[in-house]
Amino acid sequence: MTIEHLTVQRGGGSLDGGGIRSQADLTVRDARLRWNSAGGAGKGGGIYHAVSRFTGRDLTLLRTRVEDNSANLGGGVHTDNGKVVVTNSSISWNNASVGGGGLFVAAISGVT
């Protein structure tokens, strides 16, 4: 799936993925995610990307800004088992109460 030319802001809830929650290949291009929050013990204020360790789907950020988001883990982006590719993008001013203010990479994920 590709999301492009979009601003996702002021999203939230009590679960994971305040702005975007994905369990498949996801490309976010020329977008902005800001002021989103994953409440309580939630993960991924801006983006929560979680897939099976057997399928290992990718998350690609291209010319995208992830800023001013918050969560328990991965204030900006939280990923489980997928590869993260960040190109000409910024992940800044995000906050996490436990770990990974900007980016939290769990399990067998990779970052490029």
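For the structure itself, consult the block above.
Each chain carries its own residue numbering, running from 1 in the direction its sequence is written. Totals for whole chains, interfaces and linings use every residue, but because this is a predicted model, local features are given only for residues with pLDDT of at least 70 and side-chain atom pairs only at 80 or more, for both listing and counting. Here the side-chain values reflect all heavy atoms present in the structure, with hydrogen atoms and water set aside.

S.K.: What is the right way to read the environment of I20 from this model?
M.R.: With respect to the secondary-structure elements, I20 resides in strand 4 (residues 20–22). Burial classes follow relative accessibility: with a 1.4 Å probe on protein chains only, a residue under 20% of its type's maximum area counts as buried, one over 50% as exposed, and anything between as partly exposed. Of the residues examined, I20 reaches a relative accessible area of 10% and is grouped as buried. Once the C-alpha coordinates of I20 and I47 are considered, the two residues, 27 residues apart in sequence, prove to be 4.8 Å apart. Whether two residues are in contact is decided by their heavy atoms, any of which lying within 4.5 Å being enough. For I20, the residues in contact, after removing those within four places along its chain, are I3, V8, L26, V28, L33, G46, I47 and Y48. Put simply, DSSP marks the helices as runs of H or I at least four residues long and the strands as runs of E at least two long, and each gets a number from the N terminus on.

S.K.: What should I look at first to understand the environment of S14 in this one?
M.R.: Structurally, S14 can be placed in the loop between strand 3 (12–13) and strand 4. Overall, the relative accessible area of 62% leaves S14 in the exposed class. Placed 55 residues apart in sequence, S14 and N69 show a C-alpha to C-alpha distance of 14 Å.

S.K.: Please explain the pattern of salt bridges as it appears in this structure.
M.R.: Pairing is possible between side chains that carry opposite charge, provided their charged atoms lie close to one another. By definition, a salt bridge exists where a carboxyl oxygen of Asp or Glu is found within 4 Å of a side-chain nitrogen of Lys or Arg. Within this structure, the stated rule accounts for five salt bridges. One salt bridge in this structure joins E4 and R29, with 3.1 Å as the shortest N-O distance. Here R29 lies in strand 5 (residues 26–29) and E4 lies in strand 1 (residues 2–4), a separation of 25 residues in the sequence. For R29, a relative accessible area of 25% puts it in the partly exposed group. A salt bridge links E67 to R32; its shortest N-O distance comes to 2.5 Å.

Treat this as a map of the structure, not an account of what it does.
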